[in-house]
Protein chains: 2
Amino acid sequence: MIPFKLTDELVTDIQGLIADQNDAKLRLMMKEFHYADVAEITNELGVEEATYLIKLLNSEKTSDVLTELDEDIREEVLSNLSPKEIAGELEELDTDDAADIVGELPKELVQEVISKIEDREHAKDIVDLLRYDEDSAGGLMAKELVKVRDTWNVLACMKEMREQAENVTRVHSIYVVDEEDKLMGRFSLKDLLTAKNSAQIKDVYIPKVDAVNVNENPEEVAKIMSKYDLEAIPVVDEIGRLVGRITIDDIVDVIKEEADKDYQMAAGISQDVEADDSIWELTRARLPWLILGLIGGLGAAGIMGGFEEMISKHAILFFFTPLIAAMAGNVGVQSSAIIVQGLANNDLKGSISNRLIKEMLLALLNGVILAALLLLFTWFWKGDFYTALAISVSLVAVIVVAGIIGTFIPLFLHKRDIDPAIATGPFITTSNDIFGILIYFWIAKAILGI
Amino acid sequence: MIPFKLTDELVTDIQGLIADQNDAKLRLMMKEFHYADVAEITNELGVEEATYLIKLLNSEKTSDVLTELDEDIREEVLSNLSPKEIAGELEELDTDDAADIVGELPKELVQEVISKIEDREHAKDIVDLLRYDEDSAGGLMAKELVKVRDTWNVLACMKEMREQAENVTRVHSIYVVDEEDKLMGRFSLKDLLTAKNSAQIKDVYIPKVDAVNVNENPEEVAKIMSKYDLEAIPVVDEIGRLVGRITIDDIVDVIKEEADKDYQMAAGISQDVEADDSIWELTRARLPWLILGLIGGLGAAGIMGGFEEMISKHAILFFFTPLIAAMAGNVGVQSSAIIVQGLANNDLKGSISNRLIKEMLLALLNGVILAALLLLFTWFWKGDFYTALAISVSLVAVIVVAGIIGTFIPLFLHKRDIDPAIATGPFITTSNDIFGILIYFWIAKAILGI
């Protein structure tokens, strides 16, 4: 397989073909590409071009491409399609993807589009899904699944299954329900294939089945599915009735988004931005954190102003403030990142106080090693042992405090049900800068006996 | 489903039961737990206890628990099992999991363990897998798959498939090969179920199939599988022969590890450490980056020493060095994070120079806003407009340079095939601190005409 690669040349070629209205060649090209690749290409085109290209594709491919498009492009392309055309695309999609698209449509269009979907069962399922919060298991699930009654035998099940499976792209498990649609268990297609036709479902199925509640949050679903290596998980309502199914491909996206979000928070970027967003969007995501950093820097400047009387005799103390701030920031980010990751991966055990003691010992060990290096360097540089000692001892104190703050804040936020990831990055760097410089001058002043 | 929650009480209870040798109760408890949960419990026990508990489980559960254990605990537990016992566990596992465990065994044990595996086909497959680099598609794949010849009909295929499927936990696709075992295409179990018995495979199968080369790196495989929403992908050797299959659950782990790694790098933590690792391991992962920060801080101190003559008249310049360093660091981390994430998600298009121009404009916009705030504050604080202006103008320059460095370095590293993630975090913070302070003093000096 030659992997698809989106190049500027390819985009220019396609734009040329669109300008020439060379439909035959375009159709031939697009037929060769996977829908995810067609979506990548379409994301690079202008609205007119994108709409032209999409209208050329056969309906099944169009709908798949639509689900993969960037949200802003999709919105524009859809605004160029008639309600009937949109309904036609929704018809081709699984209910979860269709509901996502309907959720993005202008409110006044929704009813008309839904009314034009020919398969009324499908339309009903889509409307059902619209009711769930996007940030819940219900918002992630699809209605497509294969379910059978516990009272059937394998042959009846096979027959029913063939019918249901028509609408289900991937059958992972066949779910077994009772007369009230309550989930009782599951079995696999493989179990079905290897069972005798006369066998009863109730003798074949596995009565233990992992399921999630429709209100469960997506990150929890992701944790469960990846911990238990599940490829699909049934979703049940408050009274245990089977209402949908979440598949692993949707969960892969949740995991990636979650990791991206934590990383962006740590880097001081709010909201979900990408390199290709506009300068304005990027500024909105970055500036607030920079202003936070500015306030921290002004605080540090204010603190140093308060120690101004030391500047004539001990200018060197002031030379080391960026070092102190950097070390306080780095240690804080390291500690908080380890805690945030431990919390995300669910592998933090033991009490908060134990963790703080451990971090204190760790920071002390690192601090002493770093302080020793700093002591030697400064002593040789300036030849003043006491100043060098004062700076180095302060560094140890700063590192220990930074480590404790970096460990405590995310644990504290987590206890209060606030996402601890906001504690990493600029937030912790800024507060550690201020505390660090304050502690540094206090201790240096005490040691130098000023 | 009540989600499993690992508590200190539960661990203490189980330790008590082990001490009392209350096997009946332990067996009953463990039967209720999923193997991933048993592994979580076992990770918290001492070696003796862990071995005791694991020997109580039935063989199938033992092997599953083994695959989920922390590597260090697994190593200790295995060292308490005889080669025959280990071979028995390997027998129960899929070849990829078995090969991972064999790979961790002491070299002198490997041959003996393998020779004691009764299913010789299985043993051969495990040995085959040992040859592949852990960090390649070959190292991820399992040998378990269902393949059929293109010349068969559906009935023959059904029969063969039932046999092969016995060994395959999850059948995603049935692969079609020619007489030389070259991969020709695929079809799904569902296709098989809905086809007529007399149909020929060559009329049923889909000749287009995504596959990866056995030497492909895991991150690339993850990108392909998540982009194309694949749940399994066949692996082929250099001449296109089908040699294995990678499933999405293994890829979920790759995605998580990759995201964790980037995040750790950004936070200045090398190697894969966790909160529960020893203080020594954590120090090894954290100290090198702190030493880098220390060197940066010493560089900054050296630079400030070079401008010492300014200190008597313009002490305030020195008060703002932590602010300048923090802003340079924050902007650098923001820019590099956006680039690193764009590269990881494969959505950076356009040339490097365009990207640098965009970042420059963005940094200029942010810089001017921040500098205006700083100007007002400093002017009011000290009442000296020219000093305030000098500091603010320098800030703009520092932010623009920091943004450019933060954008350029990861792009440059990526071009050279070096993981750009190393450029985020302490590396960029440190270099930006030094450049920032240098630029700051230069410009301030020029403006103040000293």
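Predicted model, so just to flag it, every value in this text is computed and none were measured.

### Quick word on the domain arrangement of chain A
For step 1, the next point in the chain: The domains assigned to chain A are domain 1 (8–135), domain 2 (146–255) and domain 3 (279–448).
For step 2, the next point in the chain: Distance from the C-alpha centre of domain 2 of chain A to the C-alpha centre of domain 3 of chain A: 51 Å.

### Quick look at the sheet that holds strand β3 (residues 183–187) of chain B
All names here are of chain B.
For step 1, the next point in the chain: Read from one edge to the other, the open sheet built from 3 strands follows the order β1-β2-β3, with strand pairing classed as mixed. Each edge of the open sheet is held by one strand with a lone partner, namely β1 (146–149) and β3. Neighbouring strand axes in the sheet, compared pairwise and without regard to direction, differ in orientation by 35° on average.
For step 2, the next point in the chain: Pairing between strand β2 (residues 174–177) and β3: 4 bridges, direction antiparallel. Note on β3: the bridge partner recorded for Tyr175 is Arg186.

### Some thoughts on the sheet that holds strand β2 (residues 173–177) of chain A
Residues and elements named next belong to chain A.
For step 1, the next point in the chain: Across the sheet, which stays open at both edges, the 3 strands sit in the order β1-β2-β3 with mixed pairing between neighbours. Each edge of the open sheet carries a strand with a single partner, namely β1 (146–149) and β3 (183–188). For this sheet, the mean angle separating the axes of adjacent strands, direction not counted, is 35°.
For step 2, the next point in the chain: Bridge count for β1 against β2 is 4 bridges, and the pairing is parallel. The residue bridging Lys147 from the neighbouring strand is Tyr175, located in β2.

### Some thoughts on the pairing of strand β6 (residues 242–247) of chain B
All names here are of chain B.
For step 1, the next point in the chain: When you tally the buried positions in β6, you get 6 out of 6 residues, the bulk of the element.
For step 2, the next point in the chain: The pairing of strand β5 (residues 232–236) with β6 spans 5 bridges and is classified as antiparallel. Residue pairing for β6: Ala232 is matched across the bridge by Thr247.
For step 3, the next point in the chain: Where β5 folds back onto β6 in an antiparallel hairpin, the turn is made up of 5 residues, including Gly240, whose phi is positive at roughly 85°.

Reading guide: rules and limits
Residues numbered from 1 in each chain as written. Chains lettered and ligands numbered in written order. Predicted model: local features only at pLDDT ≥ 70, side-chain atom pairs only at ≥ 80, totals over all residues. Domains from an automatic or database assignment. Pairing = 2+ DSSP bridges. Helix = DSSP H or I, 4+ residues; strand = E, 2+ residues; numbered from the N terminus. Axes fitted to C-alpha atoms, helices over the stretch in contact; angles between N-to-C directions. Buried ≥ 20, exposed ≤ 12 C-beta atoms within 10 Å, placed from the backbone.

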